[in-house]
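Secondary and tertiary structure notes
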Amino acid sequence: MDTIFALATAQGRAGVAVIRISGPQAVTAVSKLCGNVPDQRGVRALRDDDGTLLDEALILRFIAGRSFTGEEVVELQLHGSPAVVNAVLRRLGDMPVLRHAEAGEFTRRALENGRLNLAEVEGLADLIDAETESQRKQAIRVFSGALGALADAWRTKLIRAAALLEATIDFADEEVPVDVSPEVKALLSDVVSQMQVEAEGVRVAERVRNGFEVAIIGAPNVGKSTLLNMLAGRDVAITSEVAGTTRDVIEVQMDLDGLPVTLLDTAGVRDTDDVVEGLGVARAKERAERADFRVHLLLDPSAMIDELGPDDLVVQAKADLYGADGIAVSGTTGEGIDRLIAHVSGRLVSKVGQIGIAMRERHRVALVRAMGYLDDAMLALEDADAMADLVAEDLRSALRAVDSIVGRVNVEHVLDEIFSSFCIGK
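The rules behind these values
Along each chain, numbering runs from 1 in the same order as the chain's sequence is written. For this predicted model, a pLDDT threshold of at least 70 governs which residues receive local features, and a threshold of 80 or more governs which side-chain atom pairs are given and counted, while totals over whole chains, interfaces and linings are taken from all residues. The side-chain quantities take in all heavy atoms of the structure and omit both hydrogens and water. Secondary structure elements are defined from DSSP: runs of H or I of at least 4 residues count as helices, runs of E of at least 2 residues count as strands, and each element is numbered from the N terminus. To estimate the expected span of a helix, count its residues, drop one, and scale the result by 1.5 Å. Relative accessible area decides the class of each residue, using a 1.4 Å probe on protein chains only: under 20% of the type maximum gives buried, over 50% gives exposed, and in between gives partly exposed. Throughout, the arc means the angular range of directions from the helix axis out to the C-beta atoms. Note on definitions: salt bridges are taken to be side-chain nitrogens of Lys or Arg within 4 Å of carboxyl oxygens of Asp or Glu. Throughout, an axis means a line fitted to C-alpha atoms (over the contacting stretch in the case of helices), and angles, computed between N-to-C directions, take values from 0 to 180 degrees. Here roughly perpendicular refers to angles of 65 to 115 degrees, roughly parallel to angles under 35, roughly antiparallel to angles over 145, and oblique to all remaining angles. By convention the crossing between two helices is left-handed if the near helix lies anticlockwise of the far one by an angle smaller than a right angle, and right-handed if it lies clockwise. Under the scheme applied here, ten amino acids are nonpolar (Ala, Val, Leu, Ile, Met, Phe, Trp, Tyr, Cys and Pro), four are charged (Asp, Glu, Lys and Arg), and all others, including Gly, are polar.

1. Focus: helix 11 (residues 337-352)
- Along its 16 residues, helix 11 runs 22 Å from first to last C-alpha, staying within 8% of the 22 Å computed at 1.5 Å per residue.
- When helix 11 is considered as a whole, its buried residues turn out to be Ile-337, Leu-340, Val-344, Ser-345, Leu-348 and Lys-351. All buried residues of helix 11 project into a common sector of 130° when viewed along the axis, lining one side.

Okay, structure coming up:
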């Protein structure tokens, strides 16, 4: 396998920059920079091929099998000057035994060498991208192996069930003293119930990773844009006494109690002859329908609302002018803003409580496929004349679906998409 190198820290000026080298020629390459490579760690002078001093660096050496990639790895901790980093990278790039790493190649090698499974790789990608506390917690659960451990537990139960069934096949001509059906049914029922919980939680887990959407909707000039500006703490939307000022959906990203939230300010909903405003109203309705829930901003909170969702909030607008009744806010004075945020956060936190460990659509699809096979198997077990070998085949198919979650079976079609999201040094 080629020996690869890359800058593992962000570009630009910093206190420290880290360059990672991984592969069979890692020690040989670094020895050309500093003479001798320490067994574990040490400070060395790095020199160009003509002996010019490039920098003094802390060198860390990781033996094969004990490194992130599973290969021989050497890391150079340099002073974080762009000039120093570029000089060292240029020196490494001139060495014929090295080549520059591709995006995600270090992590891909960790997968190929058995240091990480596919679910842990996805957790690592999400951990790198995490911007809120909930995203960090969700990613660290998967990166630490929780999903892999759950898949292993399912695998153990399915293998046990398959072994019991295949025992009846192997000894079909003999008397088998024990009826295995009750134990097999119990094992399958337990696995299916756990899978159902995980599959149902994937959509919310994806929202934690990508962000919830909360749409602010209401009639023109009811104060939606003023409220959005107050929530954002800056002027992100144009406000005016003229109705219909907002023509498009305006988005503001926020962190609410550790949850990523995108607030949507939509065009005021009303019948209009203005073609452009009409397009804005249509877009507002479409986007609001796709949001996780809606904040209906009304001057009269007792007014009838079409298609009020179970999680939607009805909020009285312009509380500074019309008084307060129920949840009431004023985008001008800030009255009721904290209470509104608390209600929005409460609804989102209740949704997050539904999250399991599976967090991607790929996981959900694999779980649904596995549950389909297990449902078929349990249905067949209800038939006293069912052929055990056909039920066992359903279990083997379910096992393959479970194994695809952690990458034990061929998942080449998803690898390129996953690793393309990584930075070069990871």
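2. A few points about the pattern of salt bridges
- Taken as a whole and assessed by the stated rule, the structure comprises 24 salt bridges.
- Arg-360 is the salt-bridge partner of Glu-122, the closest N and O atoms lying 4.0 Å from each other. With a gap of 238 residues between them, Glu-122 in helix 4 (residues 118-129) and Arg-360 in the loop between helix 11 and helix 12 (361-381) connect regions that are remote in the sequence.
- With relative accessibility at 19%, the residue Arg-360 sits in the buried group.
- Between Arg-155 and Asp-403 there is a salt bridge, with its nearest N and O atoms 2.8 Å apart. Placement of Arg-155 in helix 6 (residues 146-170) and of Asp-403 in helix 13 (residues 388-406) is noted, with a sequence separation of 248 residues between them.

3. Brief notes about the packing of helix 7 (residues 181-210) against helix 12
- Between helix 7 and helix 12, the shortest axis-to-axis distance is 9 Å and the interhelical angle comes to 155°. When the axes of helix 7 and helix 12 are compared, the pair comes out roughly antiparallel. You can see that helix 7 and helix 12 cross each other, and the crossing is left-handed.
- Of the residues contributing to the contact of helix 7 with helix 12, the split by class is 14 nonpolar, three polar and six charged.

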